[in-house]
Amino acid sequence: MKVLKSLAASLLATAALTSASLACDVTLKSSDTHPDGYPTVEAVKQMGKLLEERTDGRICVEVFHSAQLGEEKDTIEQTKFGVIDLNRVSMGPFNNLVEETKVVSLPYVFKGVDHMHKVMDGPIGDEILAAFEPHGYVGLAFYDSGSRSFYNKVKPIKSIEDLEGMKVRVMQSDIFVDMMSALGANATPMPYGEVYSSIQTGVIDGAENNWPSFESSGHYEVAGYYTLDEHLIVPEVLIMSKKSWDALSPEDQAAVRQAARDSVPFMREQWQAREKASEEKVRAAGVEVITEIDKEPFMAAMDSVYEKHVTSDKLKDLVSRIRATE
Ligand code: GTR
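Keep in mind the model is a prediction, meaning the values are calculated, not measured. (Residues numbered from 1 in each chain as written. Predicted model: local features only at pLDDT ≥ 70, side-chain atom pairs only at ≥ 80, totals over all residues. Heavy atoms only, no water.)

### Let's talk about the state of the cysteines
Within this structure, the stated rule accounts for one disulfide. Put simply, Cys24 and Cys60 are joined by a disulfide, and their sulfur atoms are 1.9 Å apart. Judged by the sign of its S-S torsion, about -75°, the cystine formed by Cys24 and Cys60 is left-handed. In this pair, Cys24 is assigned in the loop between helix 1 (2-23) and strand 1 (26-31) and Cys60 in strand 2 (residues 59-64), connecting sequence segments 36 residues apart. Of the two residues examined, Cys24 and Cys60, each falls in the buried class. (Disulfide = S-S within 2.5 Å. Helix = DSSP H or I, 4+ residues; strand = E, 2+ residues; numbered from the N terminus. Buried < 20%, exposed > 50% of the residue type's maximum accessible area, 1.4 Å probe, protein only.)

Pasting the structure below:
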């Protein structure tokens, strides 16, 4: 009886799935490195829900979470070719591809999350979104990512001196490699999915990320010291393949863009709640959190990073406009 019941249930589920996908003329395949339930994953699902409602079920979104479609750098390439339609990624891995994304990946460029929102919600954000287009992507919206801080398995980092000679994983971008050199540490750029085992086996001493990533990746289980130096506030971006975009009518393109924009407030709410919950979970697990940290020397050490990376007039102008944004 039990077997029959579960068989019937799975048949029903399959039928529901088939009729749902049959009803959609277009199903946009979306990638995310984070697990189900993570704010970015839920935000793209929300975007899909809005889009489906507004197109009477013609356009749907299917989110492949947990790096099912690959690590960010690889999925970015696949998105260009239209193998993946939508992709939610950090702007870090885009730095070597879309010059404008570099300005929001500079250490301490934003005064805080509110400042970042003001900048990204305004004309500078629009300019950065538009900058993706010549590279084969359509920039749709920015999501939150809090601020990134250092964590490691060796000792509490209380000053720059403590970072001396440490092997620290960074996202694959030259800016972050230079940021670590400026702090006297050794940067190891590597995909997100390799960080846990690399810390565990001692290939690296630690990495850097926000509370929700530190928690959801389980990195806190292998790196017991978290220092709130908040060196980076790098927004996330939701992009669409230009190839997939061009296959839509102008009306449908507008609907996609609007649904993405409308998912932003939902994302921010989810983010705030998750930040708190992740911090609580990590603290309860016994991670030592270093909050008393003088950020001034960290900021001062970044001059060389700005000198090396903010070279074109375009980037210089963007940085000074970001700084002037109240
Ligand atoms: C997270 C971000 C991911 C990914 C990851 C990383 O904060 O949400 O998109 O970039 O960091 O460090 O690779």
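### Section: the pairing of strand 2
With five of six residues buried, strand 2 lies mostly within the body of the structure. Looking at chain direction, strand 1 and strand 2 are connected through six bridges and run parallel. Of the residues in strand 2, the one forming a bridge with Ser30 is Val63. Note that the unit made of strand 1, helix 2 (residues 39-54) and strand 2 has a crossover that is right-handed. (Pairing = 2+ DSSP bridges. Right-handed = clockwise from strand over helix to strand, strands pointing away.)

### Comments concerning the pattern of salt bridges
Enumeration over the complete set of coordinates arrives at 21 salt bridges. Among the ionic pairs, Glu42 bridges to Lys45, the shortest N-O distance being 3.0 Å. One end of the pair, Glu42, and the other, Lys45, are both in helix 2, three residues apart, so they sit about a helical turn from each other. One salt bridge in this structure joins Arg274 and Glu215, with 3.1 Å as the shortest N-O distance. (Salt bridge = Lys/Arg side-chain N within 4 Å of Asp/Glu carboxyl O.)

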